[in-house]
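The residues making up each chain are set out below.
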Amino acid sequence: CCVGAAIIDEVALVERFPQPDDKIRTIGSKSSGGGNALNYACATSRIGLSPHLVSKVGTDHRTSQILEICGTSRINTSLVTQGKGNTGFCFVIVDQCTKTRTCIATPGSDYETNEIEATLNQSISTLSQANLFYSDTRFTQMAFRMVEMICKRFPSMPILLDCEKDRGQYFPDLLTLGMYFLVSLPFPDIFHTMLGLEDSIKDPLRSLSLLLDQASRSKFAIWTLGTRGCIHVEKTTSPDPTCAIIASFSEIKESIDTCQVSKNPQITHRTYKRADTMYRISHCQAFEVDPLIDSTGAGDTFAAAISHAIINKMPCDRMLLFASWVAGQKCRSLGSQSGVPSMEECVAHFGPEFFQS
């Protein structure tokens, strides 16, 4: 079950990002589904899961496009609310020269209180059969209310929260209920500020460890770093004696900053110590992608693969390699939902033994 944004992306591929007052031509364009939750749902379906989407859309022409995408991707939309107003949309400019993309978003309407209550009542049957809950932390009140209900009714259900920025009211409380966290490049600093630690030295590992500490049921957090890979953080009571012990991110910053993509990514383990608590730190290189066309949706695809790994109890190192490869493959195509490999393609790449317990 996934809660969050479902919008339409209007994607333009250009040779270079335009300068002010420029008039340039596209070298490719595409209208496709977008929004973190819809991208995630499409990717989870592609790798063999059966997603139920919880989102709100409008009554305009984009709504029918979204519902058609969901139908094609075998996404259950029984919990999608159609309300007054327009469906969100986003203009995405993909720069072929710098391999970057710029998003200009127009959000749709948020849930009304009565719509939240109706959806919560309708969702009980779906949640009783779900094996994981995901939120992109948009529609924050809806996500918080649903997670609150899950904790009471289905306390063993894994809860995965995708954190990009401070979402305002309900967001701090939502974070305390998470089990698994995916955080964007700037989020450790954002969380540092949320905690009121402006005067202290910002340390991403400290922020991530505090994020885990405040959530009583937390398991791990993954900090995604783009071409520099990702860092997995989890609390440990039995640190590996062969791993170097570090007291701050500054001790590994240079090696992370200079990390290169690789056809055969390596994973490096360390132990981070804060006060009397130990955390296992795992850094995974990013896979080399050729051709690299569009990274839009890569993070949502990564989240989908992490969900597959959580459900199937995949060990940490295999989980990171799997999610990194799947996200990298998505970047070979234009649009946020194109290029995601099927589960059959994943097995062909890694071998069937990779996915065995």
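The present account deals with the structure reproduced in this document. As a convention, each chain's residues are numbered from 1 in the sequence order in which they are written. The model is predicted, so local features are restricted to residues of pLDDT at least 70 and side-chain atom pairs to those at 80 or more, both for listing and for counting; the totals for chains, interfaces and linings are taken over all residues. Excluding hydrogens and water, the side-chain values take into account all heavy atoms of the structure.

1. A word on the packing of aromatic side chains
The criterion for an aromatic pair is that two Phe, Tyr or Trp rings (for Trp, the six-membered ring) have centres within 6.5 Å, with stacked assigned to planes under 30 degrees apart, edge-to-face to planes over 60 apart and tilted to the rest. Taken as a whole and assessed by the stated rule, the structure comprises 15 aromatic pairs. Between F89 and F91, the ring centres sit 5.7 Å apart and the planes meet at 80 degrees, which makes this aromatic pair edge-to-face. Ring geometry for W223 and F249: centres 5.5 Å apart, planes at 65 degrees, overall edge-to-face. Here W223 is found in strand β11 (residues 220-224), whereas its partner F249 is found in the loop between β13 (244-246) and α8 (253-257), with 26 residues between them in sequence. Burial classes: relative accessible area under 20% of the type maximum marks a residue as buried, over 50% as exposed, and values in between as partly exposed (1.4 Å probe, protein chains only). Judged by relative accessible area, which is 6%, W223 ranks as buried. Under the relative-accessibility criterion, F249 is labelled buried at 7%. Taken together, the ring pairs in this structure connect F322, W325, F350, F354 and F355 into an aromatic cluster. Criterion for a charge above a ring: Arg CZ or Lys NZ at most 6 Å from the ring centre, at most 35 degrees from the ring normal. Stacked on the ring of F89, the Lys or Arg R62 has its end atom at 4.0 Å from the ring centre. Helix numbering and strand numbering both begin at the N terminus, where a helix is a DSSP run of H or I of at least 4 residues and a strand a DSSP run of E of at least 2.

2. Here's the deal with the side chain of H308
Its location among the elements puts H308 in helix α9 (residues 298-311). Among the residues examined, H308 registers a relative accessible area of 9% and is labelled buried. If we skip the residues at most four places from it in the chain, H308 touches I47, L49, F322 and M343. Throughout, a contact is declared for two residues whenever any of their heavy atoms are within 4.5 Å.

3. Focus on unusual backbone geometry
Between D290 and the following residue, P291, the backbone shows a cis peptide bond with an omega angle of 0 degrees. As for its position among the elements, P291 is in the loop between β15 (277-284) and α9. One non-glycine residue with positive phi stands out, namely R74, at about 60 degrees. Within the secondary structure layout, R74 lies in the loop between α2 (61-72) and β5 (76-82). For R74, a relative accessible area of 59% puts it in the exposed group. Of note in this structure, K313 is not a glycine but carries a positive phi near 55 degrees. Within the secondary structure, K313 sits in the loop between α9 and α10 (316-330). Given the relative accessible area of 71%, K313 is considered exposed.

4. Re the sheet that holds strand β14 (residues 267-274)
The strand order β5-β4-β1-β8-β9-β10-β11-β12-β15-β14-β13 describes an open sheet built from 11 strands, whose pairing is mixed. At either end of the open sheet lies a strand with only one pairing partner, and these are β5 and β13. Only the stretch in contact is used when fitting a helix axis, every axis being a line fitted to C-alpha atoms; angles between N-to-C directions are given from 0 to 180 degrees. Along the sheet, α9 contacts β8 (133-135), β9 (159-163), β10 (180-183), β11 and β12 (230-236); its crossing angle with β11, the most-contacted strand, is approximately 155 degrees. Being paired, for any two strands, means DSSP has found at least two bridges between them.

5. Topic: α10
To estimate the expected span of a helix, count its residues, drop one, and scale the result by 1.5 Å. When the terminal C-alpha atoms of α10 are compared, their 21 Å separation across 15 residues agrees well with the 21 Å that a helix rising 1.5 Å per residue should span. Taken across its 15 residues, α10 has 13 buried, putting it largely inside the fold.

6. A short note on the pattern of salt bridges
Criterion for a salt bridge: a side-chain nitrogen of Lys or Arg within 4 Å of a carboxyl oxygen of Asp or Glu. With the rule as written, the count across this model stands at 12 salt bridges. Across the salt bridge formed by E164 and R138, the nearest N and O atoms sit 3.6 Å from each other. Placement of E164 in the loop between β9 and α5 (171-175) and of R138 in the loop between β8 and α4 (140-153) is noted, with a sequence separation of 26 residues between them. A relative accessible area of 26% places R138 in the partly exposed class. One salt bridge connects R280 with E234, and the closest N-O pair in it is separated by 3.8 Å. Here the residue R280 occupies a position in strand β15, and E234 occupies one in strand β12, the gap between them amounting to 46 residues.

7. Remarks on the pairing of β15
Within β15, six of the eight residues are buried, which leaves the element mostly enclosed by the surrounding structure. Two strands pair when backbone bridges link them, and β12 and β15 are joined in this way by seven bridges, in the antiparallel orientation. Of the residues in β15, the one forming a bridge with T236 is M278. Alignment of β14 against β15, held across eight bridges, turns out to be antiparallel. Pairing of T268 across the sheet is with H283, part of β15. In sequence, β14 turns back onto β15 through a hairpin of two residues, with A275 there showing a positive phi of about 55 degrees.

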